[in-house]
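Descriptive analysis of the structure
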Amino acid sequence: GESVGLHLPTLSVQEGDNSIINCAYSNSASDYFIWYKQESGKGPQFIIDIRSNMDKRQGQRVTVLLNKTVKHLSLQIAATQPGDSAVYFCAETFTGGGNKLTFGTGTQLKVEL
Amino acid sequence: GAVVSQHPSWVICKSGTSVKIECRSLDFQATTMFWYRQFPKQSLMLMATSNEGSKATYEQGVEKDKFLINHASLTLSTLTVTSAHPEDSSFYICSASPARFGHGGTQYFGPGTRLLVL
């Protein structure tokens, strides 16, 4: 079936460096993508989203890039901080899909001091 | 804005008992709420979609008689795990989508409920 997956299960970065978390999706009908951050024992927290009519969107310290040609999504975190340590999930959905999200497998981001 | 709460945050129960988990959207109305289950170090697995005023839609493989869902208002959905067994122990998370136009598929998640069945 259709799935959303991540290339790297764990990413370790030094504090202050930029982080890049990648996600591959397989449903070509997907037209809305969301990145979530989940800290241990908590629910996912919305970070940023992007629609398929865009290829880049920026937030505070975060940027999401969408490459529909290769069905690839990435989350860039600038100046990574210890508080950024968490599991990051990409999720995708499509118009007419009843707002149902398909989640990727997740990437554990570890920020080293 | 877009705050979702869950209650309780954790619960321990004996095998065979039923447990009810509440999910509330605190500052917005949600015609649709979702219930997920998450095992340690794994992704979220959608269990069912809860629609206000109508029956829930369950994902394949999820027993509707086991996991009863009620969405009685635009701000409240409940999940009842009936006759719970140890294998039902998990982290249950709900999410809600704002009903107003423009938010598309954005879902806002609750803090989760950790269930331990002894």
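To start, this report covers the structure provided alongside it. All values derive from a computational prediction rather than experimental measurement.

As a further point, take the side chain of A:Asp31. Relative to the elements of secondary structure, A:Asp31 occurs in the loop between strand 3 (19–25) and strand 4 (32–38). Setting aside its immediate chain neighbours within four residues, A:Asp31 contacts A:Ile50, A:Arg51, A:Ser52, A:Thr93, A:Phe94 and A:Thr95.

Attention shifts here to the environment of A:Lys71. All names here are of chain A. With respect to the helices and strands, the residue lysine 71 is situated in the loop between strand 7 (62–67) and strand 8 (72–77). Considered as a pair, lysine 71 and serine 26 are 45 residues apart in the sequence and their alpha carbons are 6.6 Å apart. Leaving out residues up to four positions away in the same chain, lysine 71 has contacts with Cys23, Ala24, Tyr25, Ser26 and Ser28.

What follows deals with the state of the cysteines. Residues and elements named next belong to chain B. Considering all chains together, one arrives at two disulfides over all chains under this definition. In this model, cysteine 23 is linked to cysteine 94 through a disulfide, with the two sulfur atoms separated by 2.0 Å. Because the torsion about its S-S bond is 80°, the bridge between cysteine 23 and cysteine 94 counts as right-handed. Remark: cysteine 94 occurs in strand 9 (residues 90–97) and cysteine 23 occurs in strand 3 (residues 19–25); sequence separation between them is 71 residues. The class of cysteine 23 is buried, set by a relative accessible area of 0%.

A few words on the pairing of strand 4 (residues 32–38) of chain B. Residues and elements named next belong to chain B. When you tally the buried positions in strand 4, you get seven out of seven residues, the bulk of the element. Here strand 4 shows two buried faces, one formed by Thr32, Phe34, Tyr36 and Gln38 and the other by Met33, Trp35 and Arg37. Bridge count for strand 4 against strand 5 (residues 44–51) is seven bridges, and the pairing is antiparallel. Bridging from a neighbouring strand, tryptophan 35 pairs with alanine 48 of strand 5. Taking the residues that link successive antiparallel strands as the turn, the strand 4-strand 5 hairpin has five residues, and the phi of lysine 41 there is positive, at about 60°. In this structure, strand 4 lies alongside strand 9, joined through seven bridges in antiparallel fashion. From the neighbouring strand, methionine 33 faces strand 9, where its bridge partner is alanine 96.

A separate point is the interface of chain B and chain A. Across the contact, 23 residues belong to chain B and 20 residues belong to chain A. Buried area between chain B and chain A, both sides added, is near 1400 Å², and the carbon and sulfur share of it is 54%. A:Lys100 serves as the salt-bridge partner of B:Glu59, at 2.8 Å between the closest nitrogen and oxygen. If you look at where chain B meets chain A, you find five residue pairs in polar contact (both at pLDDT 80 or more). Listing elements by their share of the side of chain B that touches chain A, those giving two or more residues are strand 4, strand 5, strand 9 and strand 10 (108–109) of chain B. A class-by-class count of the residues in the side of chain B that touches chain A yields nine nonpolar, twelve polar and two charged.

Definitions and cut-offs
Residues numbered from 1 in each chain as written. Chains lettered and ligands numbered in written order. Predicted model: local features only at pLDDT ≥ 70, side-chain atom pairs only at ≥ 80, totals over all residues. Heavy atoms only, no water. Helix = DSSP H or I, 4+ residues; strand = E, 2+ residues; numbered from the N terminus. Contact = heavy atoms within 4.5 Å. Disulfide = S-S within 2.5 Å. Buried < 20%, exposed > 50% of the residue type's maximum accessible area, 1.4 Å probe, protein only. Pairing = 2+ DSSP bridges. Buried area = accessible area lost by both parts, 1.4 Å probe. Salt bridge = Lys/Arg side-chain N within 4 Å of Asp/Glu carboxyl O. Polar contact = N/O pair within 3.5 Å; in protein donor to acceptor, adjacent residues only side chain to side chain. Nonpolar A, V, L, I, M, F, W, Y, C, P; charged D, E, K, R; others polar.

Coordinates in, geometry out; function isn't part of it.
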